[in-house]
Each structure stands twice: as C-alpha cells, then as structure tokens.
Amino acid sequence: MHIVLTGGAGFIGSNFIKLVLRDRPDCRITNLDVLTYSGNLENLTDIENDERYSFVKGDVRDPEALDKVLADADAVVHMAAESHVDRSIMDSGPFVDTNTRGTQVLLDAWRRAGGNDKRFIYVSTDEVYGSLSLENLEIKFTEKTPLDPSSPYSASKTGGDLLVSAYFHTFGMNVVTTRCSNNFGPYQFPEKVIPLFVTNLMDGKKVPLYGDGKNVRDWLHVDDHCEAVLAALEKGTAGQVYNIGGNNERSNLELTHAILGLMGHGDEMIEYVEDRLGHDRRYAIDASKIKSELGWEPSRSAWPEALEETVKWYVDNRQWWERVRSGAYQSYYEQQYGSKA
Ligand code: NAD
Ligand code: TDX
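Residues numbered from 1 in each chain as written. Chains lettered and ligands numbered in written order. Predicted model: local features only at pLDDT ≥ 70, side-chain atom pairs only at ≥ 80, totals over all residues. Heavy atoms only, no water.

Section: the pattern of salt bridges
Under the convention used in this document: Salt bridge criterion: a side-chain nitrogen from Lys or Arg within 4 Å of a carboxyl oxygen from Asp or Glu. Helix and strand assignments follow DSSP, with helices taken as H or I runs no shorter than four residues and strands as E runs no shorter than two, numbered in order from the N terminus. Only protein chains enter the accessibility calculation, which uses a 1.4 Å probe; a residue is then buried when its area is under 20% of its type maximum, exposed when over 50%, and partly exposed in between.
A full pass over the atoms with the stated rule returns 25 salt bridges. A salt bridge links K18 to D46, with the nearest nitrogen and oxygen atoms 3.3 Å apart. You can see K18 sitting in helix α1 (residues 11-23) and its partner D46 sitting in the loop between β2 (28-33) and β3 (53-57), a full 28 residues away along the chain. D46 sits in the exposed class, given a relative accessible area of 56%. K291 is the partner of E297 in a salt bridge, and the nearest nitrogen-oxygen pair spans 3.5 Å. In this structure E297 comes out as partly exposed when scored by relative accessible area, which is 47%. Accessibility expressed as a relative area gives 45% for K291, which makes it partly exposed.

Here's what the structure looks like:
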C-alpha cells in the first residue's frame, strides 16, 4: 500500500511515519509537507534513507502539487494543519486557509486522482466538540456530541471535518474521520504545554499557567494515537467518525505539578498568567466505539510513566528543541512569553 501523508514533518506525522515503516513492511509512505514553522525534517533523520519513504515539499492548498503526488497513491492520511490554539487567536487567517480550504482542495484532488473509492483519513480533534464543564465529570464527548467549536483553530478544523462528511454524503467518498485528544510524546513543537514547560524549566524559567489552572485535558501518547489512525485506515467503516482518547484526564495544575516533581522543582516555578481567550474548560473523550468496532485501546499513555519518559526525551534532546526554538519560532516565543516566563 502506498500512503500519502500530509503534514508528516510535524509532531504526530513524523511519529506516524516511523510507526508505519516499522510495523507495516508492505507499506510505502510519501510525506507531503510545506514545512511551516512546525514542520521539521530533522524529526525524520533516522528514517530518511529508507527506500519505502519519500518526501515532497508541497502545500495542501496547491492543486498542481497534489495532482503529482496523489497519482499512484492507495490512501491519504491528512494531518497537515496549523495546530496551535494561541496562534489562531493572534491570527486566524492561516488556520481557515490551511485547515478548512486546504482540506477542500485536497479532497477535490483526491477525487481527480481516482481516489473516491480509496480511503481518505481526516485527522480531526476533540476540540471540534467545544468545551465540557467541570460540574459533571461523567459526561464525555461521544461521536454523537454536536460540533460546537470555540477557538478559531477548532472552528477551522471543524470546517475540514464537515467538508469530509459532506464528501461522504455527496460523492460516497471513502472517508474516515478521527477525533483525538491532546497528544504528548517526542518531537512536539515546544509551544505546546508539555514541551514548553519542560524546556522552560531546563532554562531556569518559570512555567506560565493560564488562568486558575483547573482546565482539564485527556492526555494521549502519540504512539497510541498513531496506532489508532492506522486502525481507522485499515479497518474503519467509510463515513464513520472514531473518537480517540487516553482515558487520562488531568487538570493543568495536576500536569504542572507532575512535571515540576519529575524535574525537581516546587510551586515557586509556577507563574499564573492571564487566561487564554475563550479557554475551553474541559475535554474528555469516550473512546468506546473505536475499542468495540476496531479493537483499539491505549496502551502507551499510562500515567505517570509515559509522562516521565516524555519529559526525559526533552531533557536528553536539548539540541533538538534549541534548534527548533531558534528558528522562525523565536519571535513568536518572545512575543508570547518573553516577559512572562
Ligand atoms: P504540527 O503543527 O506539529 O504539524 C503540522 C504539520 O503540517 C507541519 O509539519 C507543517 O509543516 C504541516 N503543514 C502546515 N500547513 C501545511 C500546508 N498548507 N500544506 C502542507 N503541510 C502543511 O501539528 P501536530 O500536533 O503534529 O498535529 C497534526 C494533526 O493532528 C493536525 O491536523 C492537528 O489538528 C491534529 N491534532 C493534533 C493534536 C495534538 O495534541 N497535537 C490533537 C488532536 C488533533
Ligand atoms: O503556556 C501555556 N500555559 C497553559 O496553561 C500553554 C501553551 C498552555 N496552557 C494550557 C492551555 C490548555 O488548557 O495547557 C493546556 C494545553 O494547551 P496546548 O498545549 O496549547 O493544547 P490545547 O490548546 O489543549 O490543544 C492541543 O490539543 C488538541 C493541540 O495543540 C491541538 O492541535 C489539538 O487539536
């Protein structure tokens, strides 16, 4: 099988490529990525010479580039996106353009390439469901929960999500959508909370905790997520949505204390800062459908072991994140955190 993956130079995409090359000897994978600030080919140096892997620098909004790369593909896994909520609050334009319009351009190109009956996976997010309250912790997002996104990021992902659904209903396209919770693991861009906090502490800086720190996220190891995407690719039913979660709900304060503990620091390193605008209070995933229908459940997200292993990866790979930070990311980082942390 020849898979075209979009966004494979990013955090989840680069981990997905390694998983496919390791666990699916019969698969070839082509990585189409335009290399924005978060796309980093250094994430792939250990497999770049594998003859089953190839890289094409290209944009999901560019129909000509897509026509070339999709010509002999058997499946598409669409991960390319602008992915950081805080950036979408600063400037939503690139989010709508890549996450919504880019998905439409890609869907049309896949149909032109004869892909209507071949699998197309859209990697969506739990953020399309909006926010849950802290009042009743029994309530979780199911695939039937109405879409109610609250940030420009999640609205732009919802645009893509709805287009994928429309292409199933209109053209009978062979699409499957996955909606996962917060990923953690190696090679995550150090703007996201876990690598940001670990790298700040390594630099002797405080960690900027938004608001009261009581917001809750469901933490999923990236390897678990990639396994679930592979299950959806191979066994999912066309037109269906599958929620993917780690059964691992933690408040940001709990997460922060765990990171501080692992790194030998106390509460004095927390700096409570102004809350994120429109900050979603709680995400929680009911992943029973993917377990019962596709036989997937998380096996790598166990807490605190998985967090400890991830923290260690950033501690051991200072060169990686220093290089990442010194690029285009630097001015954003200073603008966002320079005076705060
Ligand atoms: P990331 O920001 O690390 O990587 C995104 C990749 O997409 C980068 O390599 C970037 O260069 C590429 N890209 C961006 N715009 C592009 C364009 N126009 N054309 C081609 N390539 C482009 O993001 P990530 O955390 O790896 O997320 C991957 C996907 O998973 C996204 O669709 C995101 O919405 C979704 N997701 C992420 C999480 C999470 O916790 N990280 C959770 C749920 C869903
Ligand atoms: O400096 C910070 N301080 C802080 O308290 C940052 C960057 C974050 N936070 C809080 C905000 C969130 O409640 O930590 C939590 C996690 O924040 P992010 O790492 O920015 O992730 P989130 O906004 O939850 O979104 C992530 O998960 C869903 C990904 O970035 C999305 O791409 C994915 O769809």
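Text resumes after the structure shown.
Here's the deal with the site of ligand 2
Convention followed: Think of it this way: one heavy atom of a residue within 4 Å of a molecule or strand is enough to make that residue near it. A 3.5 Å cut-off defines polar contacts: any pair of N or O atoms within that distance qualifies, except that in protein one atom must be a possible hydrogen donor and the other a possible acceptor, and neighbouring residues in sequence count only when both atoms are side-chain atoms. For every accessible area listed, the method is Shrake-Rupley and the probe measures 1.4 Å; residues are considered covered only by the protein chains on display. Amino acids outside the nonpolar list (Ala, Val, Leu, Ile, Met, Phe, Trp, Tyr, Cys, Pro) and the charged list (Asp, Glu, Lys, Arg) are all regarded as polar, and Gly is one of them.
The environment of ligand 2 is made up of 23 residues, and the closest members are E127, Y153, P208, R276 and H279. One nitrogen or oxygen atom from the main chain of P208 is found 2.7 Å from a nitrogen atom belonging to ligand 2. One nitrogen or oxygen atom from the side chain of N252 is found 2.8 Å from an oxygen atom belonging to ligand 2. In isolation ligand 2 has 650 Å² of accessible area, and contact with the protein removes 94% of it. Those elements that provide at least two residues to the shell around ligand 2 are α3 (85-90), α6 (193-202) and β8 (207-210). By residue class, the composition of the shell around ligand 2 is ten nonpolar, seven polar and six charged.

Describing the packing of helix α8 (residues 252-262) against helix α10 (residues 305-316)
Spelled out, the test is: Helix axes are fitted only over the stretch in contact, all axes being lines through C-alpha atoms; the angle between N-to-C directions runs from 0 to 180 degrees. The labels follow the angle: roughly parallel below 35 degrees, roughly antiparallel above 145, roughly perpendicular from 65 to 115, and oblique for the rest. Note: crossing handedness is left-handed where the near helix turns anticlockwise from the far helix by less than a right angle, and right-handed where it turns clockwise. Any two residues whose heavy atoms approach within 4.5 Å are treated as being in contact.
Between α8 and α10, the shortest axis-to-axis distance is 10 Å and the interhelical angle comes to 60°. Here α8 is positioned oblique relative to α10, judged by the angle of their axes. The two elements α8 and α10 cross, and the hand of that crossing is right-handed. Mapping the contact onto sequence places L255, A258, I259 and L262 in α8 and L307, E308 and V311 in α10. Residue composition of the contact of α8 with α10, by class: six nonpolar, no polar and one charged.

Observations regarding the pairing of β2
Defined as follows: Following DSSP output, two strands are said to pair if at least two bridges run between them. Handedness is read with the strands pointing away from the viewer; a crossover is right-handed when the path from the first strand over the helix to the second is clockwise.
Burial analysis of β2 places five of its six residues in the buried class, the great majority of the element. Bridge count for strand β1 (residues 2-6) against β2 is five bridges, and the pairing is parallel. Paired with T6 across the bridge in β2 is L32. Following the chain from β1 across α1 to the adjacent parallel β2, one finds a crossover that is right-handed. Pairing analysis gives five bridges linking β2 to β3, with the strands arranged parallel. For I29, the partnering residue across the bridge sits in β3 and is Y53.

A short note on the site of ligand 1
Taken together, 29 residues surround ligand 1, and among them D33, S38, S83, Y153 and K157 come closest. At 2.8 Å from an oxygen atom of ligand 1 is found a main-chain nitrogen or oxygen belonging to I12. For ligand 1, a nitrogen atom lies 3.2 Å from a polar atom in the backbone of V34. Relative to its free-state accessible area of 830 Å², ligand 1 is covered by the protein chains to the extent of 97%. Broken down by secondary-structure element, the contributors of at least two residues to the shell around ligand 1 are α1, β5 (120-125), α5 (152-171) and β7 (182-184). Looking at the shell around ligand 1 element by element, the count peaks at three residues for β5.

Read these as spatial facts, not as claims about activity.
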